[in-house]
Amino acid sequence: MTHLSLKMAVDRRFVLRGALAAIGAAVSGCTNETVEHFSERSSPYSSAPSAAGETSSQAFKMKFAPHYGMFTNLAGSDYIDQMTFAAEEGFRAWEDNILHWRSEAQQAKIAEVLRRNAMELGVFIAADLTLKPGLYLTAGDPEAREYFLTSIKETLPVVSRFGSKWVTILLGDRHPSLPRQYQMVNIINALRRAADIVEPAGVTMAIEPVNSLVQRPTIFLDSVRDAFLLCQAVNRPSWKILFDIYHHQIMNGNILGDVNHTWEQIAYFQVADYPGRNEPTTGEINYANVFQHLQAKGYRGIVGMEHGVNGAGPDGERALIEAYRYCDRFLR
C-alpha cells in the first residue's frame with residue numbers, strides 16, 4: 001500500500017475510492033494513487049541499529065515486498081523507478097493492492113519489471129465488500145453475493161497475466177442485527193461458491209481480518225481465530241488466511257502462539273509495527289523474533305510491507321530499509 005504524508009490513518013474504503021479515481025494515469029506518471037494512508041507521526045520507540053557493513057545491493061533473505069509510494073524521496077514519483085529502486089536495494093518481491101484496477105498497459109509494465117528483476121508479485125485485492133456499505137455478504141444478501149462473486153471473476157485475467165498465487169479478500173461489515181452465527185454460515189456458503197470459480201485457476205484467496213478497535217469498528221472479520229474457523233469450515237484449498245500481524249497485535253496479541261495454532265491455514269503475511277503503523281522497530285512488536293519464528297516454521301513466502309514510513313524525507317526512507325536490514329540479519 002502507498003504512503004502519503006498525512007497525519008492520520010483513514011479507512012480502506014475511503015482511500016480506495018480515491019485510488020480508483022486516480023488510476024487512469026500511466027504508470028510512469030503515478031503520483032497520487034493510493035489504497036490507504038498511514039500516519040507519519042514520530043514514534044516514541046527507538047529505530048533499528050545500523051546494519052553496518054551490509055551493502056544496499058545485498059538481497060534480503062526474506063521476501064519483503066514494498067509498495068508504490070514507499071520510496072518517493074529516494075527514487076522519485078515514477079512507479080517503475082520505485083520498483084527498480086526496490087530491486088536494486090535487494091527486495092525480492094513487490095505488492096500492489098490495486099493492481100486489479102490498473103490498465104492492461106500499466107500491468108504490462110509492472111510485469112516486465114518483475115520479470116527483469118526476478119521479483120515475485122504479492123497479493124492484490126480481488127474483492128472488497130467494504131467498498132459497498134449497506135451490502136451485507138454476512139446476511140446472505142443476493143446483491144452482495146453477486147458483487148462478491150463477480151469481483152472475483154473479474155480478477156482472473158489479472159491472475160493469468162501475472163501467474164499470481166494469491167489474492168486478498170475483504171468480507172465487509174457485520175450485519176447490525178443478525179446473530180453472528182448466522183452471519184458465519186452465510187459467509188461460509190459464499191466462500192464455497194467462490195472456491196468453484198478460482199480453483200481451476202490455481203489461485204488462493206486469502207481472507208484478511210482487519211482490526212475493529214482502530215481501523216474499522218464495523219468490520220465482520222476482525223480476528224485471525226475466526227478466519228481460521230472459516231477456512232476450516234469451508235474446507236477448500238483455495239481459501240486461506242492473510243495474517244496481518246499489525247491487525248492481530250491490536251486485536252489479540254499472542255502473535256507467535258496464534259501463528260502456531262492457525263499455521264495450516266496461513267497463506268501470506270503482512271506487517272506493520274504498532275503503534276504508528278510504520279516499519280518494524282518503530283513500535284512494540286519484536287519483528288526480529290517474529291521473522292525468525294516464521295522462517296523456523298518453514299515459511300518461504302512473501303511478507304507484505306503494509307505500512308507507512310516513520311521518518312520524513314530520504315532519511316526516513318533509508319531508515320525504513322535499514323530497519324528491514326536489521327531484522328533480516330538474524331535470518332539464515
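Each value, and the rule that gives it
Residues numbered from 1 in each chain as written. Predicted model: local features only at pLDDT ≥ 70, side-chain atom pairs only at ≥ 80, totals over all residues. Heavy atoms only, no water. Core = buried A, V, L, I, M, F, W, Y, C linked by side-chain atoms within 4.5 Å. Buried < 20%, exposed > 50% of the residue type's maximum accessible area, 1.4 Å probe, protein only. Helix = DSSP H or I, 4+ residues; strand = E, 2+ residues; numbered from the N terminus. Contact = heavy atoms within 4.5 Å. Phe/Tyr/Trp six-rings, centres within 6.5 Å; stacked < 30°, edge-to-face > 60°. Lys NZ or Arg CZ within 6 Å of the ring centre and 35° of its normal. Pairing = 2+ DSSP bridges. Right-handed = clockwise from strand over helix to strand, strands pointing away. pLDDT = per-residue confidence, 0-100. Salt bridge = Lys/Arg side-chain N within 4 Å of Asp/Glu carboxyl O. Expected span 1.5 Å × (residues − 1). Arc of directions from axis to C-beta. Axes fitted to C-alpha atoms, helices over the stretch in contact; angles between N-to-C directions.

(A) How the structure looks around the nonpolar core. In terms of nonpolar packing, the biggest core is built from 80 residues, with Phe148, Ile169, Leu171 and Trp239 touching the most fellow members. When residues in this core are grouped by element, the largest group, nine residues, is from helix 6 (residues 180-198). Not counting chain neighbours up to four residues away, the residues in contact with Trp239 comprise Phe148, Ile169, Leu191, Arg192, Ala194, Ala195, Met205, Ile207, Cys231, Val234 and Gln265. Counting nine residues, the second-largest nonpolar core is a separate cluster that includes Ala65, Ala93, Trp166 and Tyr268.

(B) Representation of the packing of aromatic side chains. Within the structure shown, the criterion is met by 16 aromatic pairs. Connected via pairs of aromatic rings, a cluster forms that spans Phe60, Phe64, Phe71, Phe85, Phe91, Tyr287, Phe291 and Tyr324. Note that Lys297 overlies the ring of Trp263, its terminal NZ or CZ placed 4.9 Å from the centroid. It is Arg325 that lies over the ring of Phe60; its NZ or CZ is 3.9 Å from the centre.

(C) Layout of the pairing of strand 9 (residues 302-305). Where burial is concerned, the two faces of strand 9 agree: the one with Ile302 and Gly304 and the one with Val303 and Met305 are both buried. Sheet analysis places strand 1 (residues 63-65) next to strand 9, joined by three bridges and oriented parallel. Along strand 9, the bridge assignment pairs Lys63 with Ile302. Taking the sense of rotation as the criterion, the β-α-β connection linking strand 8 (residues 266-271), helix 10 (residues 287-296) and strand 9 turns out right-handed.

(D) Structural detail: the confidence of the model for the protein chain. When pLDDT is averaged along the protein chain, the result is 87, and 83% of the positions lie at 70 or above. Contacts for the low-pLDDT stretch residues 1-55, under 50 throughout, to residues beyond four places or in other chains number 149 contacts.

(E) Local environment of the pattern of salt bridges. Using the criterion set out here, one finds 13 salt bridges in the structure. A salt bridge links Lys61 to Asp328, with the shortest nitrogen-to-oxygen separation between them at 4.0 Å. With Lys61 in the loop between helix 1 (12-22) and strand 1 and Asp328 in helix 11 (residues 313-328), this pair connects stretches of sequence that are 267 residues apart. One connected set of salt bridges, linked through shared partners, spans Glu112, Arg115 and Arg116.

(F) A look at helix 4 (residues 104-116). Between its first and last C-alpha, helix 4 extends 18 Å over 13 residues, near the 18 Å set by a 1.5 Å rise per residue. All buried positions along helix 4 are accounted for by Gln106, Gln107, Ile110, Val113 and Leu114. Burial along helix 4 is one-sided: seen end-on, the buried residues are contained in an arc of 125 degrees. Exposed positions of helix 4 whose direction lies more than 90 degrees from the buried face are Glu104, Ala105 and Arg115. The inward-facing, buried residues of helix 4 abut helix 3 (79-88), strand 2 (93-94), strand 3 (120-121) and helix 5 (142-162). Ala118 lies just past helix 4 and shows a positive phi near 50 degrees.

(G) A look at unusual backbone geometry. The peptide bond linking Tyr274 to Pro275 adopts the cis configuration, its omega dihedral lying at 0 degrees. Here Ala118, not a glycine, exhibits a phi torsion of approximately 50 degrees, which is positive. Tracing the sequence through the fold places Ala118 in the loop between helix 4 and strand 3. We note that Asn235 has phi near 55 degrees; this positive angle belongs to a residue other than glycine. Along the polypeptide, Asn235 turns up in the loop between helix 7 (224-234) and strand 7 (239-244).

(H) View of the sheet that holds strand 5 (residues 166-170). Pairing is parallel across the open sheet formed by seven strands, whose spatial order is 1-9-8-7-6-5-4. Edge positions in the sheet fall to strand 1 and strand 4 (125-128), since each has one partner strand and no second. Each adjacent strand pair in this sheet contributes to an overall mean axis angle of 30 degrees, direction not counted. Across three bridges, strand 4 lies against strand 5 in parallel orientation. By the bridge assignment for strand 5, Ala127 is matched with Ile169.

(I) Seen up close, the environment of Leu229. Along the polypeptide, Leu229 turns up in helix 7. Among the residues examined, Leu229 registers a relative accessible area of 43% and is labelled partly exposed. When the C-alpha positions of Leu229 and Met184 are compared, they lie 9.4 Å apart, and in sequence the two are 45 residues distant.

(J) The environment of Leu320, seen in detail. By the element assignment, Leu320 lies in helix 11. Given a relative accessible area of 0%, Leu320 falls into the buried group. Put simply, Leu320 and Phe71 are 249 residues apart on the chain and 9.5 Å apart in space, counted from C-alpha to C-alpha. Not counting chain neighbours up to four residues away, the residues in contact with Leu320 comprise Met70, Phe71, Glu279, Met305, His307, Gly308 and Val309.

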